[in-house]
Amino acid sequence: MAVAVTTKTAWKLQEITAHSTNVSSLVLGKSSGRLLATGGDDCRVNVWSVNKPNCIMSLTGHTTPIESLQINTNEELIVAGSQSGSIRVWDLEAAKILRTLLGHKANICSLDFHPFGSFVASGSLDTNIKLWDVRRKGCVFRYKGHTAAVRCLRFSPDGKWLASAADDHTVKLWDLAAGKIMFEFTGHTGPVNVVEFHPNEYLLASGSFDRTVRFWDLEKFQVVSCIEEEATPVRCVLFNPDGCCLYSGFQDSLRVYGWEPERCFDVVLVNWGKVADLSICNNQLIGVSFAQSTVSSFVVDLSRVTKSGSIPHGLMRDDEPLVPPTPTGSSLRRIYDRPSTSCSKPQSRVKHNSESERRSPSSEDDRDEKESKAEIQNPEDYKEIFQPKSAICRTPPRNNEPFPAPPEDEPVTAKEAVKPSQAVDVQTPLPKQELPDPVQRPPIASSTPLPKTEPSVIPAARNEPIGLKVSDFLPAVKNQSQTELMDEEAMSQIRKGHETMCVVLTSRHKNLDTVRAVWSTSDIKNSVDSAVAINDLSVVVDLLNIVNQKASLWKLDLCTIVLPQIEKLLQSKYESYVQTGCTSLKLILQRFLPLITDILAAPPSVGVDITREERLHKCKLCYKQLKNISNIVKNKSCLSGRHGSAFRELHLLMAVLE
């Protein structure tokens, strides 16, 4: 009699080297859950089949790193936005470029396909949202209202509305036909990363860097509930196909939420790091994440995840049990009407943008599209997925087999459904000019990691210490025959390093206690002064990470103290220090730069005004420090990846100083 084997709830499916440079964005196909597209600093878009090691197709044409990607509902089209603001749309089945869309002045941060019509929405670092007609190659309308980068766009299931989430802490709902804003949802206290419509009801979910998930009623235009217990920012959200719950991706965990009342049904620990996208297929949730040039995919078995009805985890009000959840359905709120016809263009009363945005295809655009190519790297997989044998049933088939779950007692390993001879190979597309012959297949790069040199910037999240070896912390063997040491001798050698580390940590703890004592007895300015006087950047970073969360703590006095420290942080080799410096500088620029420039430009006052003179002196000091920092920001804005993107955003904010 066969013994039942307990399988894992979540496991790692695969890890691939997706690009020859850092991966900058990725997206999963939502229909099949088997199509994956990655964008890199090498300006390429690579298309993959989940759980297969080789790249199916490599899309070229962009001249700057890829910042955003989206696949349409039918998984036939893919759109990619770059750092320069250009957008390209490819037809995957025809393996060719379909359109090049130009109009944005800065990074493309978000994209989405309309569920029915041939329209694409794009959100940018320039704060604008544009609606594009892919067939006519033009911008249909521009939506203005956000004051910071637009991080996420989603069309409603009926195709009538567009929701946008931005760094200005707001979520906006736009009426596509009227070409105007319907409502602005406020309540988040940090940049909003993601927004998602309920598949059936008039309900919207949003996730933010403020570590909350909020649910909004789209009939009454008010908040339904807010989940605030999390310790890390919300990275992605996805409703279950039947709308019974919301899956939220966090750092190394998946949480399952209900909203009336707010409650957490289940928490699944998944070692996926900073998960970037989610998709559901065959009652399995697929999650993907990336770090440097590596992309990892993970699977969660939803049949073993609690979705409703049980005692909730963690979220209780006033330590009392929650009332039974209200049944969801049409009795609660309206259901979307899905028209059988495609979306119509906005009405004629909507103003078009400049002539350049709605121009007919020009010779320059034609040349761009000729230079854009879809290089088929794996013909067998390409034909299987994008060239169906019949016009009715296309692949990837909707009845894909679920990924097999490993036994509970086995270590989590990357499962790859390929032949053993193929298991170590990952297709890494090379630039076109490096191919020796257009007929030959491009070389296959091994997935085995190459020897790593110490990076110029030490990443905040990494799998192993930089510049450290395990052997350095173990007792040294004096000769090869002597393989064992006495326990006492081994312990004494290990304790040497332990004592040194304890001294370092104790010193840092004392410094933080000193700063906290000053803050509790005085004000924020004196506590920052004490942190600076300690002359330890790690203490300054810890303090700024707290102050950055509450903008109301910032005053002009504080800026004069913090700006010299920001200058040091931006030049640090530690990624976490650079990130904290960028966040603080962005906050100062948004809150104080207009005030500083206005005061410096104002004519001198008549008579003696001590307060005004003091304020003028502080503004001059801040202006001088900002000018020094602007040179650093300008030099670093040409970097690629997340660092370059952050510095380019700061460079735009500091343009008034030049």
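Keep in mind that what you see is a predicted model, and the values were worked out from it rather than measured. Every chain is numbered independently, its residues counted from 1 as its sequence is written. In view of the model being predicted, local features appear only for residues whose pLDDT reaches at least 70, and side-chain atom pairs are presented and counted only at 80 or more, with totals across whole chains, interfaces and linings using the full set of residues. Side-chain measures were taken over the full set of non-hydrogen atoms in the model, leaving aside hydrogen atoms and water.

Visitor: Would you mind showing me how to read the overall build of the chain here?
Guide: In this description a helix means any DSSP run of H or I spanning at least four residues, a strand means any run of E spanning at least two, and both kinds are numbered starting from the N terminus. Within the chain, the secondary structure is distributed over 9 helices and 31 strands. Counting the 658 residues in the chain, one finds 48% classified as buried. A contact between two residues is defined here by any heavy atoms of the two lying within 4.5 Å. The long-range share in the chain, meaning contacts at least 24 apart out of those at least 6 apart in sequence, stands at 57%. Using the Shrake-Rupley algorithm and a 1.4 Å probe, accessible areas are obtained, with residue cover drawn only from the displayed protein chains. Total accessible area computed for the chain in this model is approximately 32,900 Å², and 52% of it derives from carbon and sulfur atoms. Per-residue accessibility, obtained with a 1.4 Å probe over protein chains only, is compared with the maximum for each type, and a residue is labelled buried under 20%, exposed over 50%, and partly exposed between these values.

Visitor: Quick question: what am I supposed to make of the sheet that holds strand β26 (residues 275-281) here?
Guide: Adjacent strands of a sheet pair through backbone hydrogen bonds, lying either parallel or antiparallel. Pairing between two strands is assigned when DSSP locates at least 2 bridges connecting them. The 4 strands lie next to each other as β1-β28-β27-β26, forming an open sheet whose pairing is antiparallel. Only two strands of the sheet have a single neighbouring strand rather than two, namely β1 (10-17) and β26. The mean angle between the axes of side-by-side strands here comes to 20°, regardless of whether they run parallel or antiparallel. As paired elements, strand β27 (residues 284-291) and strand β28 (residues 294-301) share 8 bridges and run antiparallel to each other. Of the residues in β28, the one forming a bridge with Leu 285 is Val 300. Lines are fitted to the C-alpha atoms to define the axes, a helix being fitted only along its stretch in contact, and any angle between axes, read from their N-to-C directions, falls within 0 to 180 degrees.

Visitor: How should the packing of aromatic side chains be read in this particular structure?
Guide: The relation between two aromatic rings is expressed through the spacing of the ring centres and the mutual angle of the planes. What counts as a ring pair is set by centres within 6.5 Å for rings of Phe, Tyr and Trp (its six-membered ring), and what kind of pair is set by the plane angle: stacked under 30 degrees, edge-to-face over 60, tilted for all other angles. This model, assessed by the stated rule, comprises 11 aromatic pairs. An angle of 35° between the planes, with centres 6.3 Å apart, marks the rings of Phe 185 and Phe 221 as tilted. With Phe 185 in strand β17 (residues 180-185) and Phe 221 in the loop between β20 (213-217) and β21 (222-227), this residue pair connects regions lying 36 residues apart in the sequence. For Phe 185, a relative accessible area of 1% corresponds to the buried category. Judged by its relative accessible area of 24%, Phe 221 falls in the partly exposed class. Through successive ring pairs, a cluster of aromatic residues spans Phe 183, Phe 185, Trp 216 and Phe 221.

Visitor: Honestly, the side chain of Arg 154 in this entry has me stumped. Any pointers?
Guide: For Arg 154, the location among the structural elements is in strand β14 (residues 150-155). Side-chain polar atoms of Arg 154 contact the side chain of Glu 196, separated by 3.1 Å. Those residues in contact with Arg 154, other than ones at most four positions away along the chain, are Gln 70, Leu 111, Asp 112, Trp 161, Leu 162, Ala 163, Val 195, Glu 196 and Phe 197. Here a polar contact means two N or O atoms within 3.5 Å. Within protein one must be a hydrogen donor candidate and the other an acceptor candidate, and residues neighboring in sequence count only if both atoms are side-chain atoms.

Visitor: Quick question: what am I supposed to make of the nonpolar core here?
Guide: Nonpolar side chains tend toward joint burial in soluble globular proteins. Membership of the largest hydrophobic core comes to 42 residues, with the highest contact counts inside it found for Trp 554, Leu 570, Leu 585 and Leu 626. For this core, the elements supplying multiple residues, two or more each, are α4 (524-534), α5 (537-547), α6 (556-570), α7 (575-601), α8 (610-636) and α9 (641-653). At 11 residues, α7 tops the list of elements feeding residues into this core. Counting residues in hydrophobic clusters, the runner-up holds 19 residues, among them Val 256, Leu 278, Val 300 and Leu 302. What we call a nonpolar core is a set of buried Ala, Val, Leu, Ile, Met, Phe, Trp, Tyr and Cys residues that are connected through their side-chain atoms within 4.5 Å.

Visitor: I tried to follow the sheet that holds strand β25 (residues 262-269) on my own but got confused; where do I start?
Guide: One open sheet holds the 4 strands; their spatial order is β22-β23-β24-β25, and the pairing between them is antiparallel. Two strands bound the open sheet, and with one partner strand each, they are β22 (236-239) and β25. Averaged over all adjacent pairs, the angle separating strand axes in this sheet is 25°, with direction ignored. Where strand β23 (residues 246-250) meets strand β24 (residues 253-259), 5 bridges bridge the pair, whose relative direction is antiparallel. Opposite Ser 248, over in β24, you have Arg 255 as the bridge partner.

Visitor: Can you walk me through the pattern of salt bridges in this structure?
Guide: Opposite charge on two side chains lets them pair, provided their charged atoms get close. Basic side-chain nitrogens of Lys or Arg form a salt bridge, by our definition, when they fall within 4 Å of a carboxyl oxygen of Asp or Glu. In the structure shown here, the tally under the stated rule is 13 salt bridges. Several salt bridges share partner residues, and in doing so they unite Arg 151, Asp 167, Lys 586 and Glu 649 into one network.

Visitor: Explanation requested: the environment of Lys 130 in the structure shown.
Guide: Mapping Lys 130 onto the fold places it in strand β12 (residues 129-133). You can call Lys 130 buried: its relative accessible area is 2%. Each C-alpha atom, one on Lys 130 and one on Gly 103, is 8.6 Å from the other, the two residues being 27 residues apart in sequence.

Visitor: What is the right way to read a nonpolar patch on the surface from this model?
Guide: Nonpolar side chains collect at one region of the surface, where Met 501, Val 504 and Leu 505 lie side by side and expose about 300 Å² of accessible area between them. Considering the arrangement of structural elements, one finds Val 504 in helix α3 (residues 487-521). Patch construction takes residues with relative accessible area above 30% that form no salt bridge. Like charges are linked within 9 Å, and nonpolar side chains (Val, Leu, Ile, Met, Phe, Trp, Tyr) are linked within 5 Å.

Visitor: Explanation requested: the packing of α4 against α5 in the structure shown.
Guide: Packed helix pairs are specified by the crossing angle of their axes together with the interaxial distance, meaning the distance between the axes. Interhelical geometry of α4 versus α5 gives an angle of 155° and a closest axis separation of 9 Å. Taken together, the axis directions place α4 and α5 in an arrangement best described as roughly antiparallel. Contacts between α4 and α5 involve Ile 524, Ser 527, Val 528, Ala 531, Val 532 and Ile 534 from the first element and Val 539, Val 540, Leu 543 and Val 547 from the second. Polar here means any residue outside two lists: the nonpolar Ala, Val, Leu, Ile, Met, Phe, Trp, Tyr, Cys and Pro, and the charged Asp, Glu, Lys and Arg; Gly therefore counts as polar. Within the contact of α4 with α5, the residues separate by chemical class into 9 nonpolar, 1 polar and no charged. Angles below 35 degrees are treated as roughly parallel, those above 145 as roughly antiparallel, those between 65 and 115 as roughly perpendicular, and all remaining angles as oblique.

Visitor: Looking at this structure, how should I read α5?
Guide: Residues that lie three or four places apart on an α-helix share one face, since the helix turns once every 3.6 residues. Every buried residue belonging to α5 is among Ser 538, Val 539, Val 540, Val 541, Leu 543, Leu 544 and Val 547, and all of these are buried. Each element contacted by the buried residues of α5 is listed here: α3, α4, α6 and α7.

Visitor: Sorry if this is basic, but what is going on with the confidence of the model for the chain here?
Guide: When pLDDT is low, close inspection of the predicted coordinates is not appropriate. pLDDT measures the predictor's confidence residue by residue and takes values from 0 up to 100. Looking at the chain, pLDDT values average 77 and 74% of them are 70 or higher. Residue range residues 310-331 is modelled with pLDDT below 50. Its contacts to residues more than four positions away, or to other chains, number 33 contacts. Note that residues 389-395 has pLDDT below 50 and, in this model, 12 contacts with residues that lie over four places away or in other chains.

Visitor: Whenever I open this one, the side chain of Asn 511 confuses me. Can you help?
Guide: Mapped onto the elements, Asn 511 comes out in helix α3. Exposure remark for Asn 511: the relative accessible area of 17% places this residue in the buried category. The residues touching Asn 511, leaving out its near neighbours within four places in the chain, are Ile 534, Asp 536 and Val 539.

Visitor: How should I be thinking about unusual backbone geometry in this particular structure?
Guide: Glycine aside, a negative phi is what most residues show, and trans is what most peptide bonds show. In this structure, the amide linkage connecting Glu 260 to the following residue, Pro 261, adopts the cis form with an omega of -5°. Notably, Ala 95 is not glycine yet its phi reads approximately 55°, a positive angle. If you trace the backbone, Ala 95 turns up in the loop between β8 (87-91) and β9 (96-101). Although it is not a glycine, Thr 127 adopts a positive phi angle of roughly 75°. Looking at where Thr 127 falls in the secondary structure, it is placed in the loop between β11 (119-124) and β12.

Visitor: Where do I start with the pairing of strand β2 (residues 23-28) in this structure?
Guide: It is a general feature of regular strands that their side chains alternate between the two faces of the sheet. Where burial is concerned, most of β2 is hidden: 6 out of the 6 residues are buried. Summarising the sheet, β2 and strand β3 (residues 35-40) pair through 5 bridges and their orientation is antiparallel. Bridging from a neighbouring strand, Val 23 pairs with Gly 40 of β3. The antiparallel pairing of β2 with β3 creates a hairpin that spans 6 residues between the two strands, and Gly 33 there sits at a positive phi of about 70°.

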